[in-house]
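Examination of the molecular architecture
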Amino acid sequence: MKNFVNSFFEQVGCYIAIIFTALQFLGFFTNNTPVEAILVGFCIIPLRLIYLNRLRDASKNFARIYLWSGWDLSMIVCPTIFFDSYAGMVYKKIVGAEIAISPTDVTFTIYMGAFSLFLLFISSIWWRNDKTPDTDYTPALTREQVIFWSIALASIAFTSALVSNIMGLGRLGEESVYLPFKLTGIINYFSFGFTWFLNFFILDAYAKKRISLIFAVGIILLLTLNASAASLSKGQLISPIAGIIIYLIITKKFTVGASMTMALLFAFVFIAASFLSGYRDSRQHIYTKGFGGEAANYSMMKYTHRIFSDGITFMKFHSNATHHDLHTMLKHWNYNVSDVHTYAIDGKPLGTTSTHSTGCVNLPAAYLFGFPFFIIFTILAGLATSYIDYGLPRSNSIFSSTIFRVYAAYAIARVYIAVSALEFFTRAYNGSFAFISFPIITIFFYIIYLKFFCTKIQNNNI
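Residues numbered from 1 in each chain as written. Predicted model: local features only at pLDDT ≥ 70, side-chain atom pairs only at ≥ 80, totals over all residues. Heavy atoms only, no water.

Here the focus is the packing of aromatic side chains. Evaluated as defined, the whole model comprises 37 aromatic pairs. Considering the side-chain rings of Tyr189 and Phe194, the 6.4 Å spacing of their centres and the 55° angle between planes classify their relative orientation as tilted. We classify Tyr189 as buried; its relative accessible area is 3%. Accessibility expressed as a relative area gives 2% for Phe194, which makes it buried. Arg394 extends its terminal NZ or CZ atom over the ring of Tyr390, reaching a point 3.8 Å from the ring centre. (Phe/Tyr/Trp six-rings, centres within 6.5 Å; stacked < 30°, edge-to-face > 60°. Buried < 20%, exposed > 50% of the residue type's maximum accessible area, 1.4 Å probe, protein only. Lys NZ or Arg CZ within 6 Å of the ring centre and 35° of its normal.)

On the surface, Trp126, Trp127, Ile376, Leu380 and Leu383 cluster together to form a nonpolar patch covering roughly 530 Å² of accessible area. Note on placement: Leu383 falls in helix H18 (residues 371-391). (Patch = residues over 30% accessible without salt bridge, like charges linked within 9 Å, V, L, I, M, F, W, Y side chains within 5 Å. Areas by Shrake-Rupley, 256 points an atom, 1.4 Å probe, with all protein chains shown as cover. Salt bridge = Lys/Arg side-chain N within 4 Å of Asp/Glu carboxyl O. Helix = DSSP H or I, 4+ residues; strand = E, 2+ residues; numbered from the N terminus.)

Attention now goes to empty space enclosed by the protein. Per the stated rule, a full pass over the model turns up 3 cavities of 30 Å³ or more. Taken as a whole, the largest cavity spans an internal volume of roughly 70 Å³. Around the largest cavity, the lining residues are Ser59, Lys60, Phe62, Asn129, Ile250, Ile388, Asp389, Pro393, Arg405 and Ala409. Of all the secondary-structure elements, those providing two or more residues to the lining of the largest cavity are helix H4 (58-81), H18 and helix H19 (402-429). Broken down by element, the lining of the largest cavity gets its largest block of residues, 3 residues, from H4. Taken together, the residues of the lining of the largest cavity sort by class into 5 nonpolar, 2 polar and 3 charged. There is about 40 Å³ of room inside the second largest cavity. Residue assignment for the lining of the second largest cavity shows that the elements contributing at least two residues are helix H9 (195-208), helix H10 (213-231) and helix H11 (234-250). Of the residues forming the lining of the second largest cavity, the biggest block, 4 residues, is contributed by H10. (1 Å grid on protein atoms, 1.4 Å probe; cavity = no way out; pocket = protein on both sides within 12 Å on 5 of 7 lines; lining within 4 Å. Points joined across faces, edges and corners; volume = space filled by probe spheres on them. Nonpolar A, V, L, I, M, F, W, Y, C, P; charged D, E, K, R; others polar.)

Moving on, we come to the environment of Leu120. Among the secondary structure elements, Leu120 is positioned in helix H6 (residues 103-124). Exposure remark for Leu120: the relative accessible area of 0% places this residue in the buried category. Placed 263 residues apart in sequence, Leu120 and Leu383 show a C-alpha to C-alpha distance of 8.4 Å. In this structure Leu120 touches Tyr51, Leu67, Trp68, Trp71, Ile125, Thr378 and Gly382, once residues within four positions along its chain are discounted. (Contact = heavy atoms within 4.5 Å.)

As a further point, take the environment of His318. The topology assignment puts His318 in helix H14 (residues 310-321). His318 sits 216 residues away from Ser102 along the chain, and the two C-alpha atoms are 9.5 Å apart. One polar contact links His318 to Asp105, side chain to side chain, over a distance of 2.7 Å. (Polar contact = N/O pair within 3.5 Å; in protein donor to acceptor, adjacent residues only side chain to side chain.)

Our next topic: the pattern of salt bridges. Counted according to the given criterion, the structure contains 8 salt bridges. Salt-bridge contacts for Asp134 lead to Lys131; the nearest nitrogen and oxygen are separated by 3.4 Å. Lys131 sits in the partly exposed class, given a relative accessible area of 24%. Shared partners join several salt bridges into a network, and the residues in it are Asp136, Asp204 and Lys208.

Below, the discussion takes up the nonpolar core. Nonpolar side chains in soluble globular proteins tend to be buried together. Grouped together as the largest cluster of nonpolar side chains are 124 residues, with contacts concentrated most on Leu198, Phe200, Phe201, Ile388 and Tyr407. Of the residues forming this core, the biggest block, 15 residues, is contributed by H19. Residue contacts for Leu198: discarding those within four places in its chain leaves Leu153, Ala154, Ala157 and Leu223. (Core = buried A, V, L, I, M, F, W, Y, C linked by side-chain atoms within 4.5 Å.)

Between helix H3 (residues 35-54) and H4, the least distance of the axes is 12 Å, while the angle of their chain directions is 160°. Relative to H4, the element H3 lies roughly antiparallel. As for the relative orientation of H3 and H4, their crossing is left-handed in sense. From H3, Ile44, Leu47, Arg48, Tyr51 and Leu52 reach across to H4, where they touch Arg64, Trp68, Asp72, Ile76 and Val77. Its residues assigned to classes, the contact of H3 with H4 comprises 7 nonpolar, no polar and 3 charged. (Axes fitted to C-alpha atoms, helices over the stretch in contact; angles between N-to-C directions. Parallel < 35°, antiparallel > 145°, perpendicular 65-115°, else oblique. Left-handed = near helix turned anticlockwise from the far one by under 90°.)

Of the residues in the protein, 81% reach a pLDDT of 70 or more, and the chain-wide mean stands at 79. Confidence, read as mean pLDDT per element, is least for helix H13 (residues 300-307) in the protein (63) and greatest for H6 (91). Every residue in residues 285-298 scores below 50 in pLDDT, and together they form 34 contacts with partners more than four places removed in sequence or on other chains. (pLDDT = per-residue confidence, 0-100.)

With 5 of its 5 residues buried, strand E3 (residues 135-139) lies for the most part within the structure. Neither face of E3 is open: one carries Thr135, Tyr137 and Pro139, the other Asp136 and Thr138, and all of them are buried. In this sheet, strand E4 (residues 454-458) lies alongside E3 in antiparallel orientation, the contact comprising 5 bridges. Bridging from a neighbouring strand, Pro139 pairs with Cys454 of E4. (Pairing = 2+ DSSP bridges.)

Structure, rendered in structure tokens:
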């Protein structure tokens, strides 16, 4: 059964292409979709089928499958199948007027999705990875030492999150307490940023030392619950569980039992995240009903919008563009895309510096800078994910290791490239380096661990 589950992920690109195409056809026949949107949507179907069939093995081409699927789902599939629902929505700013989402806004999103996927297609389809690296890195530690260090490092992260929670250092939607000597940033890094290394270290070390992964998942779940309580962030709940799944896919360690366990964990974190959202909003007085309903009443569709938010953000931006020039708006906010989204688009009051919208996911953010920048950024995203999938397994360096490739395929490809890069860099442009320093420090931990605490081995010896 293990081989059956893993073989499913070796063909998952084909399954995604078929499902997305079927949903798209369903949307054509059940909505009053304009002809031009239907024609543009049809253009994507052959590109989708070719691209996802060629790169169908998620264990070897995960970064590109994930990037394509996220853009396709949010900008083509959902706007097509829910065209009438989207076109009838009203976007209510926190402070200010209600702005209707029109059929033109939804059609524009489909246009941008088709253009983005075309650029992704031509920039990243050529290099299909069918290679597993010849070598890997395993901890140069005994089983007892692995358990000791995993518990010791987890204790640091757990204690940091407790301190952050008690002192109110990293809670979303609330003003942070600023400690001297950069202690706020240090504590918050070990509370929320360090786990991007720690979780994958625990999974990989336990797997290679033949320690039960149940213990690894238990430690990660404990850290996840503690960090989410400290930050009141839904992402802190969902991202670590998604990371476990991605590790199992890329390393082909998925079994039927693991599938059932992950399904139960996901159900738990989705329910817990809904309650967490309600609790966080109950502590804040500036929030009202947002785009798509009450934040506390999270449905699966709203989670889709939250995780794959390019489409929704494009609709919001295009709707606002009928009232304001977006580039002028960007210039007014000193090219800080997060501030544009938070204050100009979502209308949150000035002075709520600890609260922000979910940044500007990078495609809509790149659109703010103009089409030339948008084209360059999209092509670079395709090339970067191609290197993660194709280049890293062929590297002779420590970056070809399993643990770093999993981190790169998930965190770098999906989070730092597809979601947060422009937000990080525009904040750095304005003198705030905390956000961009987190991934840099995390990569430094990977380098130190792989260089000084691991041994290079042949893959067939793992």
